Amino acid sequence: VQLVESGGGLVQAGGSLRLSCAASGRTFSRYGMGWFRQAPGKEREFVAVISGSGGTTRYADSVKGRFTVSRDNAENTVYLQMNSLKPEDTAVYYCAATTATIATSRISYINWGQGTQVTVSS
């Protein structure tokens, strides 16, 4: 599956953005879909994941209550709604596909998008 992210940009602290990740292929619903982010000089970190059916989600503690992951299997798209953004959310955000139902480790993911930049100003 090939993945293309969009929706990044510059936003003020407290604002919102919605990221999208469009996937190719007819087997999209078989994949758990995760979001990761990487800030300059830091490791890529887990943000959120949603199971293939959309029935199970998991979030990093740092974004819980502010971010929501969802998916539309008919449109082969996964979303990350980001509210109450903070300057520390600034990073390149990546979506990725896993054959696991849910996974929070990078090594579980087999396909990655190119990333989209999110910058939150204070």
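Coordinates for the structure precede this section.
All values reported here derive from a predicted model rather than from experimental measurement. (Residues numbered from 1 in each chain as written. Predicted model: local features only at pLDDT ≥ 70, side-chain atom pairs only at ≥ 80, totals over all residues. Heavy atoms only, no water.)

**Observations concerning the packing of aromatic side chains**
Where two aromatic rings form a pair, the distance of their centres and the angle of their planes describe that pair. Basically, it comes down to this: Each Phe, Tyr or Trp ring, with Trp reduced to its six-membered ring, pairs with another whose centre is within 6.5 Å; inter-plane angles below 30 degrees give stacked pairs, above 60 give edge-to-face pairs, and intermediate values give tilted ones. Think of it this way: any DSSP run of H or I at least four residues long counts as a helix, any run of E at least two long counts as a strand, and we number them from the N terminus. Charge-over-ring contacts are defined here by two conditions on Lys NZ or Arg CZ: a distance within 6 Å of the ring centre and an angle within 35 degrees of the ring normal.
For the coordinates displayed, the defined rule picks out five aromatic pairs. Relative to Phe46, the ring of Phe36 lies with its centre 5.8 Å away and its plane at 75 degrees, an arrangement referred to as edge-to-face. Residue Phe36 is located in strand β4 (residues 32-38), and its partner Phe46 is located in strand β5 (residues 45-50); the two are separated by 10 residues in the primary sequence. The ring of Tyr94 has Arg44 sitting right over it, with the charged end atom 3.7 Å from the ring centre.

**Comments concerning the pairing of strand β7 (residues 67-72)**
Heads up, the rule is: Burial classification: accessible surface area is computed with a 1.4 Å probe over protein chains only, and a residue below 20% of its type maximum counts as buried, one above 50% as exposed, and the rest as partly exposed. We call two strands paired when DSSP finds no fewer than two bridges between them.
Side-chain alternation along β7 places Phe67, Val69 and Arg71 on a buried face and Thr68, Ser70 and Asp72 on a face that remains uncovered. Counted along the chain from β7 to the antiparallel partner strand β8 (residues 77-82), the turn is four residues long, and its residue Asn76 has a positive phi close to 55 degrees.

**Some thoughts on the nonpolar core**
Soluble globular proteins: nonpolar side chains tend toward being buried together. We count it as follows: Side-chain atoms within 4.5 Å link the members of a nonpolar core, which is a set of buried Ala, Val, Leu, Ile, Met, Phe, Trp, Tyr and Cys residues.
Membership of the largest hydrophobic core comes to 36 residues, with the highest contact counts inside it found for Met33, Trp35, Leu80, Met82 and Tyr93. Within the residue set of this core, elements represented by two or more residues are β3 (17-23), β4, β5, β7, β8, β9 (91-98) and β11 (116-121).

**With respect to the state of the cysteines**
The condition is simple: Our working definition of a disulfide is a cysteine sulfur pair at a distance within 2.5 Å.
The full count for this structure, using the stated rule, is one disulfide. The residue that forms a disulfide with Cys21 is Cys95, at a sulfur-sulfur distance of 1.9 Å. Measuring the twist about the S-S bond at about 50 degrees, one finds the Cys21-Cys95 disulfide to be right-handed. Of this pair, Cys21 sits in strand β3 while Cys95 sits in strand β9; the two residues are 74 residues apart in sequence, bridging distant segments of the chain. An identical accessibility class is assigned to Cys21 and Cys95; each is buried.

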